[in-house]
Amino acid sequence: MGLAEVSGILWKERELLELLLFKLEEEQLVLASGRTRWLAHATREVEFVMEQIRSTEVLRAVEVDTVAAELGLEPGPSLGAIADAAPEPWSELFRTHRDAFLTLTAEIQDLADANRDLLNAGSRALRETLLGLDQPLDTYTARGKNTAASAGGSRAHFVDEAL
């Protein structure tokens, strides 16, 4: 029966979405810790899971079209439409899948947005640091004179500010 195959694929997709959520959290921990050495690995793992999800989505689309024809639905129906047309207990199972997908995708979107914000903040901080490297630092000679002030140049200031 096609409903069983679709449900099996949906379970697989849910597992992959939970794995993606986990990998995004790992990526966030790497970003937050400042240990950028592992960022490429964490990002590669996220991309690998995303590719598995894409492959599973193709399989799901094929099976869903088969089930749609059996249930008298147009090709490419939503999960809600399948749940409405499917007999019990499948109807309830597909509603449960739908609710789980909505929850997981909201969590994934929130975490991806937070990671993007962390990446942007890190990129901005790095850019500001690199821009400041060409200016002379406010240092002192062995006699205690300020090198920037004695050279007549502008004095660089470091500001320690909590965000």
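Relevant structure appears above.
Residues numbered from 1 in each chain as written. Predicted model: local features only at pLDDT ≥ 70, side-chain atom pairs only at ≥ 80, totals over all residues. Heavy atoms only, no water.

Caption draft 1: Structural view of the layout of surface pockets. Taken as a whole, the second largest pocket spans an internal volume of roughly 280 Å³. L10, E13, R60, L79 and F101 are the residues nearest the centre of the second largest pocket, which is lined by 17 residues in total. Of all elements in the fold, only α1 (2–33), α2 (39–71), α3 (79–85) and α4 (90–132) reach the threshold of two or more residues within the lining of the second largest pocket. It is α2 that provides the largest number of residues to the lining of the second largest pocket, a total of 5 residues. (1 Å grid on protein atoms, 1.4 Å probe; cavity = no way out; pocket = protein on both sides within 12 Å on 5 of 7 lines; lining within 4 Å. Points joined across faces, edges and corners; volume = space filled by probe spheres on them. Helix = DSSP H or I, 4+ residues; strand = E, 2+ residues; numbered from the N terminus.)

Caption draft 2: How the structure looks around the environment of E57. Counting through the fold element by element, E57 comes out in helix α2. For E57, a relative accessible area of 34% puts it in the partly exposed group. Along the chain, E57 and E13 lie 44 residues apart, while their C-alpha atoms are 7.7 Å from each other. (Buried < 20%, exposed > 50% of the residue type's maximum accessible area, 1.4 Å probe, protein only.)

Caption draft 3: Structural view of the side chain of T56. Following the sequence through the fold, T56 ends up in helix α2. Classification of T56 by relative accessible area gives buried; the value is 8%. Among all residues touching T56, those that are not within four sequence positions of it are I9, K12, E13 and L16. (Contact = heavy atoms within 4.5 Å.)

Caption draft 4: Quick peek at the pattern of salt bridges. Enumeration according to the criterion identifies 6 salt bridges in this entry. Here R54 ties to E51 by a salt bridge, and the two come within 3.5 Å at their closest N and O atoms. Placement of the pair is R54 and E51 together in helix α2, with a separation of 3 residues, close to one helical turn. Residue classification places R54 among the partly exposed positions, given a relative accessible area of 42%. A relative accessible area of 43% means that E51 is categorised as partly exposed. Put simply, R116 and D113 hold a salt bridge, and the shortest N to O gap is 2.8 Å. Note that R116 and D113 are positioned in helix α4 at a spacing of 3 residues, about one turn of the helix. Of the residues examined, R116 reaches a relative accessible area of 44% and is grouped as partly exposed. Connected through shared salt-bridge partners, K23, E26 and E45 make up one network. (Salt bridge = Lys/Arg side-chain N within 4 Å of Asp/Glu carboxyl O.)

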